[in-house]
Each structure stands twice: as structure tokens, then as C-alpha cells.
Amino acid sequence: MSGVLFIVSSTRSGSTLLERLLNELPGVVSAGELKRIWRRGFTDNQLCSCGQPFHDCPFWQEVVQRAFADATVDARANDALCRRVCRGGVHAGNVPAALRGTFLGLSGKLCAAIVGTARAGWVVDSSKDPAYAAQLAQLPGFETRYLHLVRDARAVAHSKSRLRRRPEIHWKEAYMRRRSAWASAGSWNQTQRLAEAARLATGRPWLRVRYEDLAGSPRGVVQQIWDWLAPAIPDATSDPLGFIDENTVRVGSGHSVAGNPMRFGSGQLMVTPDVGWHQQMPVLSRAAVGLRCYRGLRRYGYL
């Protein structure tokens with residue numbers, strides 16, 4: 001049986017870096033943020049991480065053909081369905097059975113097509129949203145697992161305050177949304193609460209890693225994840241981490257939809273912790289986030 005690994009995290013927590021590294025593992029394909037494929041891919045035709053518009057990318061052309069053949073894809077309706085299901089939170093019982101069944105069937109077709117196109121055993125979905133991931137716990141035909149990625153809330157807030165262009169919107173100049181430190185702290189708290197609730201609600205295998213550990217020792221963290229996934233991958237190689245050398249990694253071009261701009265490009269990358277917030281974040285903003293997120297920061301070892 002194939003599997004789907006859901007990355008659950010707040011935004012700006014390093015999920016794109018993580019999925020890029022996982023994409024290099026044998027038998028693993030990172031598809032990006034599949035929650036957003038209907039609007040950003042099918043409707044807006046934004047760039048795939050390979051650099052081509054979604055509808056021109058051979059990988060996604062084959063996925064769509066496998067999943068839907070000659071059927072007309074109502075991307076707007078599918079996006080609305082996804083949003084409605086996610087509003088039900090992490091508990092499956094909060095969503096009408098018929099609606100949830102349609103959602104599971106649609107997602108199952110998409111993931112099966114990705115597995116077939118990539119000839120992989122595991123699909124990585126880095127959508128981050130705990131509610132979305134929890135509603136897919138019983139995805140038909142797939143084993144589902146969860147990877148909870150945590151980053152210091154102060155670093156997340158600092159990252160959200162910076163101006164960053166979105167190259168996937170290739171027809172005009174656009175930037176990622178910026179948020180205040182206080183708003184970022186509230187969002188971070190909500191995501192962690194939902195993630196912990198999803199862990200209990202789904203009862204599925206769950207692994208938590210910290211961004212700071214990943215950036216400080218990418219080989220060690222990726223090895224931990226590989227050891228967790230490998231038993232479910234037929235003919236898994238015994239040395240899958242040859243692309244990581246200390247803090248240098250070599251990554252190829254992938255086919256992820258949505259995510260941080262660092263998903264574009266390939267070749268050799270230096271992976272080091274982003275600690276610029278220590279010096280660059282205003283003292284009052286740092287204090288505000290620390291105060292609002294105190295319990296979470298203490299829970300995850302940041303105090």
C-alpha cells in the first residue's frame with residue numbers, strides 16, 4: 001500500500017525546505033501544497049517548481065490524465081469543497097458524511113495519480129493545515145502519517161514581517177502577505193493547538209521535528225524520518241542520504257504546487273539555521289510574541 005505523509009506546521013516554518021529534502025529520498029515524491037492545487041494550479045495556472053506553468057508541466061499533465069482522464073475538472077467547485085471540509089476542523093464527525101466521502105474520493109484519485117506518475121511509494125503533502133490533514137486520515141487506498149514541523153514563534157513572526165516576492169505568479173509582480181508580530185503569534189498558537197488536536201483525533205503515526213534541528217543537522221533529521229518511513233517502502237535502499245553532506249545538500253528540480261519561493265531552482269544548497277531574528281527583530285515585537293506564545297514555546301523547548 002502507498003502512503004501519504006502530511007507535513008503539519010504554521011506558515012514560514014521551513015516546510016518547503018523539508019519537502020525538498022524528502023523529495024530526494026528513493027520512493028518519495030513531494031507534491032507541494034495539494035490543498036491549494038485547485039486554485040493555484042488548475043485555475044490560476046501558477047508555476048510548478050520545475051519552472052513551467054501548471055498546465056504546461058509534463059508531470060502534472062500526466063497526473064491530471066491519470067486522475068480524471070477526459071472528465072471535466074471543476075476546479076472552483078473542488079476548491080470550495082476543500083475549504084468547506086476544512087472548516088469542520090480536525091474531527092471527521094463535524095463534516096457531513098456525504099461531503100467528506102466526496103472529498104476523500106477526489107483526494108484519493110489525485111494522490112493515486114501522483115504515485116503512478118512518479119512511481120513512488122510515498123507522497124509528501126506540505127499543505128500544513130492540521131484540519132485538512134486530519135480530514136484525510138482515512139484516505140482510501142493509502143496509509144497516512146503525520147510530520148509535525150515546529151519553528152520558534154519569534155522566528156516565524158519575523159519571517160512574516162519581511163517582504164518576499166512570489167515568482168509563481170508569473171504574469172505580474174506579487175508578494176507574500178505580511179503580518180504583524182501579534183497576528184503571527186495568534187496564528188502560530190492556533191496551528192499548534194489544532195496540530196495537537198489532530199494527533200489525538202486521527203490516531204495515526206505522528207512524528208514531531210523542529211526546524212532548528214533540521215537546519216542545524218539536516219542529515220540527522222532526514223535520517224530519522226527515513227528510518228520512520230523506510231519499513232513501508234519496498235526495496236528501500238540502505239544508503240538513501242548520499243545527497244546530504246554536513247550542511248550542504250544537492251537537490252533536483254521537483255514538481256511541487258504552492259509553497260515558499262525557495263522551491264524553485266536546483267543544485268547545491270547550504271542549509272543553516274535562519275537566526276536573523278535575534279538581531280533584526282524589534283525588541284517589543286519579540287517580547288509580544290514571546291508573551292503570547294509562552295506556553296507553546298515552553299512546550300516545544302524554546303525557553
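This one's a predicted model, so the numbers in the text were calculated from it and none came from an experiment. Going along each chain's sequence as written, the residues are numbered from 1 onward. Totals for whole chains, interfaces and linings use every residue, but because this is a predicted model, local features are given only for residues with pLDDT of at least 70 and side-chain atom pairs only at 80 or more, for both listing and counting. Here the side-chain values reflect all heavy atoms present in the structure, with hydrogen atoms and water set aside.

S.K.: Before we go on, may I ask you to explain helix α10 (residues 218-229) in this structure?
M.R.: Think of an α-helix as turning once every 3.6 residues; residues three or four places apart then point the same way. Here α10 spans 16 Å end to end across 12 residues, near enough to the 16 Å set by a 1.5 Å rise per residue. Three labels apply to residues, based on accessible area from a 1.4 Å probe with only protein chains included: buried if under 20% of the type maximum, exposed if over 50%, partly exposed otherwise in between. Secondary structure is summarised from DSSP: a helix means a run of H or I of at least four residues, a strand means a run of E of at least two, and numbering begins at the N terminus for each. Turning to α10, its buried residues are Pro218, Val221, Val222, Ile225, Trp226, Trp228 and Leu229. End-on view of α10: buried residues confined to an arc of 160 degrees, all on one side of the axis. Each residue after the first adds 1.5 Å to the expected span of a helix. The reported arc concerns the directions from the helix axis to the C-beta atoms and nothing else.

S.K.: It is not clear to me how the sheet that holds strand β5 (residues 206-210) should be interpreted in this structure. Could you clarify?
M.R.: The pairing of strands in a sheet happens through backbone hydrogen bonds and is either parallel or antiparallel. For two strands to count as paired, DSSP must find a minimum of two bridges between them. Strand order in the open sheet formed by five strands is β2-β3-β1-β4-β5, and the pairing between neighbours is parallel. Each of the sheet's edge strands pairs with one partner strand only, and the pair in question is β2 (28-32) and β5. Between one strand and the next, the sheet's axes are offset by a mean angle of 25 degrees, whatever the strand orientation. Two strands pair when backbone bridges link them, and strand β1 (residues 2-8) and strand β4 (residues 142-150) are joined in this way by seven bridges, in the parallel orientation. Angles here are taken between N-to-C directions and fall from 0 to 180 degrees, while the axes themselves are lines fitted to C-alpha atoms, restricted in helices to the stretch in contact.

S.K.: Which parts of the structure should I look at to understand the packing of aromatic side chains?
M.R.: Two aromatic rings, taken as a pair, are described by how far apart their centres are and by the angle between their planes. Pairing of aromatic rings covers Phe, Tyr and Trp, the last through its six-membered ring, and needs centres within 6.5 Å; plane angles under 30 degrees mean stacked, over 60 mean edge-to-face, and all others mean tilted. Here the structure, examined in full by the defined rule, presents 11 aromatic pairs. Look at Trp38 and Phe42: their rings are 5.0 Å apart centre to centre, the planes differ by 20 degrees, and that puts the pair in the stacked class. In this pair, Trp38 and Phe42 are both assigned in helix α2 (residues 37-43), four residues apart and thus about one turn of the helix distant. Accessibility expressed as a relative area gives 12% for Phe42, which makes it buried. Joined through ring pairs, the aromatic side chains of Trp38, Phe42, Phe54, Phe59, Trp60 and Phe68 make up one cluster. A cation over a ring is seen here: Arg145 above Trp228, with NZ or CZ 5.3 Å from the ring centre. Two conditions define a charge located above a ring, namely a distance within 6 Å from the ring centre to NZ of Lys or CZ of Arg, and an angle within 35 degrees of the ring normal. Between Arg210 and the ring centre of Tyr302, over which it is positioned, the NZ or CZ distance is 4.6 Å.

In short, the description is geometric, and any link to function would need to be established separately.
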